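The primary structure of each chain is shown beneath.
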Amino acid sequence: MADLTKIFKAYDVRGVVPDELDENIAQAVGAAFVEVTGADSVVIAHDMRTSSGPLAAAFARGATSRGADVVSAGLGSTDLLYYASGSLGLPGVMFTASHNPAQYNGMKMCRAGAVPVGTDTGLTEIRDRASQLLDGAGEDTGVADKGTVTEQNLLKGYAEHLKTLVDLSGIRPLKVVVDAGNGMGGYTVPEVFQGLPIELTPLYFELDGGFPNHEANPIEPENLRDLQKAVVDQGADIGIAFDGDADRCWVIDERGESVSPSTITALVAVRELAKHPGATIIHNLITSKGVPEIVREHGGVPVRTRVGHSYIKAEMARTGAVFGGEHSAHYYFRDFWFADSGMLAALHVLAALGEQDRPLSEVLSRYTRYAASGEINSRVSDQTAALERVRDAFAAREGVTFDELDGLTVSGLDWWFNLRPSNTEPLLRLNAEAADEHKVAAVRDEVLALVRS
């Protein structure tokens, strides 16, 4: 049986084109998706990579061969695909490799209502069935009539829907710099911002899956430098960076300083709690401890989860949470089918800024309480041994507690750190936080010395 285990990840499909992922595989996955989900219709969208359109078309051939109709939304961001799935009530597939380099592509799948498809919710079965089809098994399914493909541009509907969720009608005029990184933000931002009192300075809005200016991955500081400079040079009120498929956003304040996603999580949580008093807010275990503190202070119920969108979405569905935030700049909204939308998070920040006259750094100061290390990766051959060294070093210290919800979290009186193994690489990922910069540096250096010894 064809081995697709390398490209089928926990939450999506991702691989190098054409060595690991090609049109034959995409067509087999399309057929398998319909067989496993029983879908009568599927909506698909794709990003700007040169391979995305052909892969989407191949998937459509596979889906229609099993009798399903396909609604092709064409170009779109991942959250536009979630909008399509939610508003049309259809399973959906987005063709993108998000922030990965140009040679990659992939698929993000969901059931109707943007419910994610992951390893435990059908992705394994789709992988295995696609493998059988690639080996020539089960080609004759008895389907008498093939499905049809209908093109439908959903960009306008997507933009209008987002603006019903955040009221921007009364904001003051804002100077905004947006770095789309040659990704899908360059397609969606002009439509979403249309009609708003925003003076837009676009950076790298040309759709180019070769990413000629920098990687479309805003979590890496070097990819933010052009945006930071432009904000200062333009005297802008705010800078916003999107990743390749525009489902994540990163914020730069008026000084050109990078804003932690934990700060944005706290800001949006407070705004959502104002609309939904007493509601539940989800945060992963790497976000600042200031997030649950602020949520409680505003009458909300914070719930802590493992890292990863499948855990966030599952916990949001279980608790009915109105909002969830991650350290990676993914933000999830109950009003958006529990799905993540970088654009919706950006609109919340713009609304908070535009509703008063203070600069962004002052607006956000109340949501920033602690010093953080950021995520630091260490390549280690034996992750288990490294984790044990760290545990042993801190075990005898008074007042120290341990938590293994996701990796190893160690907490002291005015500091904590989390050390997590990567799911795909021989890496340990460290995140540390403390009362001040001096303390967080000391904790960071001690843990890294143990990990790398």
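Residues numbered from 1 in each chain as written. Predicted model: local features only at pLDDT ≥ 70, side-chain atom pairs only at ≥ 80, totals over all residues. Heavy atoms only, no water.

> I'm lost on the overall build of the protein in this one. Help?
Within the protein, the secondary structure is distributed over 14 helices and 22 strands. Radius of gyration (C-alpha) of the protein: 22 Å, near the 22 Å computed for a compact globule of 453 residues. Across the 453 residues in the protein, those meeting the buried criterion constitute 56%. The long-range share in the protein, meaning contacts at least 24 apart out of those at least 6 apart in sequence, stands at 69%. (Helix = DSSP H or I, 4+ residues; strand = E, 2+ residues; numbered from the N terminus. Rg over C-alpha atoms; globule rule 2.2 N^0.38 Å. Buried < 20%, exposed > 50% of the residue type's maximum accessible area, 1.4 Å probe, protein only. Contact = heavy atoms within 4.5 Å.)

> How should I be thinking about the sheet that holds strand β14 (residues 323-325) in this particular structure?
Through backbone hydrogen bonds, the strands of a sheet pair up, either in parallel or in antiparallel fashion. Within the open sheet, the 5 strands sit side by side as β13-β12-β14-β15-β16. Their pairing is mixed. Every interior strand has two partners, whereas the edge strands, β13 (301-305) and β16 (339-340), have only one. Relative to strand β15 (residues 331-333), β14 runs antiparallel, the two being bridged by 3 bridges. What sits directly across from Gly-325, in β15, is Tyr-331. Along the sheet, helix α10 (residues 309-319) makes contact with β12 (280-284), β13, β14, β15 and β16, crossing β12 at roughly 165°. (Pairing = 2+ DSSP bridges. Axes fitted to C-alpha atoms, helices over the stretch in contact; angles between N-to-C directions.)

> Honestly, the nonpolar core in this entry has me stumped. Any pointers?
The tendency in soluble globular proteins is for nonpolar side chains to be buried as a group. Residues Val-176, Phe-193, Ile-238, Ile-240, Phe-242, Phe-336 and Leu-350 are the most contacted members of the largest nonpolar core, which totals 86 residues. Counting residues per element, this core draws most heavily on helix α11 (residues 342-354), which supplies 10 residues. With residues near it in sequence (within four places) discarded, Phe-193 still touches Val-176, Val-178, Ile-198, Leu-200, Met-343, Leu-347 and Leu-350. (Core = buried A, V, L, I, M, F, W, Y, C linked by side-chain atoms within 4.5 Å.)

> Honestly, unusual backbone geometry in this entry has me stumped. Any pointers?
Only a minority of non-glycine residues have a phi that is not negative, and only a minority of peptide bonds are not trans. In this chain, Val-17 is followed by Pro-18 through a cis amide linkage whose omega measures 0°. Residues other than glycine seldom take positive phi values, yet Asn-182 does so here, at roughly 65°. If you trace the backbone, Asn-182 turns up in the loop between β8 (174-179) and α6 (185-193). A positive phi angle, near 60°, is found at Trp-337, a position not held by glycine. Inspection of the secondary structure assignment puts Trp-337 in the loop between β15 and β16. What makes Trp-337 partly exposed here is its relative accessible area of 23%.

> How should the layout of surface pockets be read in this particular structure?
Take a probe with the size of a water molecule and roll it over the atoms, and the empty space left behind shows itself. Roughly 360 Å³ of volume is contained in the second largest pocket. Lining the second largest pocket are 18 residues, and of these Pro-116, Gly-118, Thr-121, Ser-310 and Ala-314 lie nearest its centre. Residue assignment for the lining of the second largest pocket shows that the elements contributing at least two residues are β6 (115-116) and α10. For the lining of the second largest pocket, the element with the most residues is α10, which contributes 5 residues. By residue class, the composition of the lining of the second largest pocket is 11 nonpolar, 5 polar and 2 charged. (1 Å grid on protein atoms, 1.4 Å probe; cavity = no way out; pocket = protein on both sides within 12 Å on 5 of 7 lines; lining within 4 Å. Points joined across faces, edges and corners; volume = space filled by probe spheres on them. Nonpolar A, V, L, I, M, F, W, Y, C, P; charged D, E, K, R; others polar.)

> Help me understand the packing of aromatic side chains in this model?
Within a pair of aromatic rings, the relevant descriptors are the distance that separates the centres and the angle that separates the planes. Across all of its chains, the model carries 10 aromatic pairs by this definition. With a centroid separation of 6.4 Å and 10° between ring planes, the pair formed by Phe-323 and Tyr-331 is classed as stacked. For Phe-323, a relative accessible area of 0% translates into the label buried. Through a chain of ring-to-ring contacts, the aromatic side chains of Tyr-83, Tyr-158, Phe-336 and Trp-337 assemble into a single cluster. It is Arg-391 that lies over the ring of Phe-402; its NZ or CZ is 4.7 Å from the centre. (Phe/Tyr/Trp six-rings, centres within 6.5 Å; stacked < 30°, edge-to-face > 60°. Lys NZ or Arg CZ within 6 Å of the ring centre and 35° of its normal.)

> What is the right way to look at the environment of Gly-53 in this model?
Within the secondary structure, Gly-53 is located in helix α2 (residues 52-65). Taking the relative accessible area as the measure of exposure, Gly-53 reaches 24% and is therefore partly exposed. For the pair Gly-53 and Asn-213, spaced 160 residues apart in sequence, the C-alpha to C-alpha distance is 22 Å.

> What exactly am I supposed to notice about the pairing of β12 here?
For a regular strand, side-chain orientation follows a simple rule: the groups alternate between the two sheet faces. Where burial is concerned, most of β12 is hidden: 5 out of the 5 residues are buried. Judged by which residues are buried, β12 turns out to be covered on both faces: Thr-280, Ile-282 and Asn-284 on one side and Ile-281 and His-283 on the other are all buried.

> Before we go on, may I ask you to explain the sheet that holds β8 in this structure?
The strand order β9-β8-β10-β11 describes an open sheet built from 4 strands, whose pairing is mixed. Here the strands that pair on one side only, and so sit at the sheet edges, are β9 (198-203) and β11 (249-252). Adjacent strand axes in the sheet meet at a mean angle of 25°, parallel and antiparallel pairs treated alike. Relative to strand β10 (residues 238-242), β8 is paired through 4 bridges, and the arrangement is parallel. The partner of Asp-179 across the bridge, within β10, is Ala-241.

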